[in-house]
Amino acid sequence: MFYALIGEDAPGTLETRLAVRAEHLARLEALRDEGRLLLAGPMPAIDAPDPGPAGFAGSLVVAEFDSLASAERWLAEDPYARQGVFARTTVRPFRKVLP
């Protein structure tokens, strides 16, 4: 089943986010290579493709996991969660309808 994994950034964590980004992306690429990643990306803090120093409000990942608990574990082990970039995380079941 697909799950929507949402991480909301804590204030002032842009530098940390950038420092651990490569490790974060490697985990997403592993999901992609396993055919489990539907989509992933950051949510800019402002209405701009490149928010610059405004940074990001968080991240969204939609991927396939065996269970809700498995998706929650994956998110808890993400570098952004471990390094304090995310102030709060949420995991919800997701059902793809379109396209």
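The coordinates are above.
Definitions and cut-offs
Residues numbered from 1 in each chain as written. Predicted model: local features only at pLDDT ≥ 70, side-chain atom pairs only at ≥ 80, totals over all residues. Heavy atoms only, no water. Core = buried A, V, L, I, M, F, W, Y, C linked by side-chain atoms within 4.5 Å. Buried < 20%, exposed > 50% of the residue type's maximum accessible area, 1.4 Å probe, protein only. Helix = DSSP H or I, 4+ residues; strand = E, 2+ residues; numbered from the N terminus. Contact = heavy atoms within 4.5 Å. Phe/Tyr/Trp six-rings, centres within 6.5 Å; stacked < 30°, edge-to-face > 60°. Lys NZ or Arg CZ within 6 Å of the ring centre and 35° of its normal. Arc of directions from axis to C-beta. 1 Å grid on protein atoms, 1.4 Å probe; cavity = no way out; pocket = protein on both sides within 12 Å on 5 of 7 lines; lining within 4 Å. Points joined across faces, edges and corners; volume = space filled by probe spheres on them. Nonpolar A, V, L, I, M, F, W, Y, C, P; charged D, E, K, R; others polar. Pairing = 2+ DSSP bridges. Axes fitted to C-alpha atoms, helices over the stretch in contact; angles between N-to-C directions.

Caption draft 1: Geometry of the nonpolar core. With 15 residues, the main nonpolar core has Tyr-3, Leu-5, Leu-31, Phe-65, Ala-71, Trp-74 and Val-91 as its most contacted residues. Of all the secondary-structure elements, those providing two or more residues to this core are strand 1 (2-9), helix 1 (14-33), strand 3 (56-64), helix 2 (68-76) and strand 4 (86-94). Other than its neighbours up to four places away in sequence, Ala-71 contacts Tyr-3, Leu-5, Phe-65 and Val-91.

Caption draft 2: Region of the structure containing the packing of aromatic side chains. The tally for this structure, following the rule as stated, stands at two aromatic pairs. Seen from their ring centres, Phe-65 and Trp-74 are 6.0 Å apart, and the 55 degrees between their planes marks the pair as tilted. Under the relative-accessibility criterion, Phe-65 is labelled buried at 3%. Overall, Trp-74 belongs to the buried group, its relative accessible area being 12%. One cation-aromatic arrangement involves Arg-36 over Phe-65; the distance from NZ or CZ to the ring centre is 4.9 Å.

Caption draft 3: Molecular detail of helix 2. Buried within helix 2 are the following residues: Ser-70, Ala-71, Trp-74 and Leu-75. The arc that holds every buried residue of helix 2, seen down its axis, measures 135 degrees, which confines them to one face. Packed against the buried residues of helix 2 are strand 1, helix 1, helix 3 (79-82) and strand 4.

Caption draft 4: Geometry of the layout of surface pockets. Empty space within the largest pocket amounts to approximately 220 Å³. Considering the residues around the largest pocket, the lining is formed by 15 residues, among which Arg-21, His-24, Leu-25, Gly-41 and Pro-42 are closest to the centre. For the lining of the largest pocket, the element with the most residues is helix 1, which contributes six residues. Split into classes, the residues belonging to the lining of the largest pocket amount to 10 nonpolar, three polar and two charged.

Caption draft 5: Representation of the sheet that holds strand 4. Strand order in the open sheet formed by four strands is 2-3-1-4, and the pairing between neighbours is antiparallel. Single-partner strands in this sheet number two, and they are strand 2 (37-44) and strand 4. This sheet shows a mean twist of 10 degrees between the axes of neighbouring strands, independent of strand direction. Seen against the sheet, helix 1 touches strand 1, strand 2, strand 3 and strand 4 and runs at an angle of roughly 10 degrees to strand 3. Across the face of the sheet, helix 2 comes into contact with strand 1 and strand 4 while running at roughly 155 degrees to strand 4.

Caption draft 6: Examining empty space enclosed by the protein more closely. Under the definition given, this model contains one cavity of 30 Å³ or more. In this structure, the largest cavity spans a volume of roughly 30 Å³. Together, Leu-5, Ile-6, Gly-7, His-24, Ser-59, Val-61, Trp-74, Leu-75 and Phe-86 line the largest cavity. If you list the elements that add at least two residues to the lining of the largest cavity, you get strand 1, strand 3 and helix 2. The biggest single contributor to the lining of the largest cavity is strand 1, with three residues. Residue classes in the lining of the largest cavity are distributed as six nonpolar, three polar and no charged.

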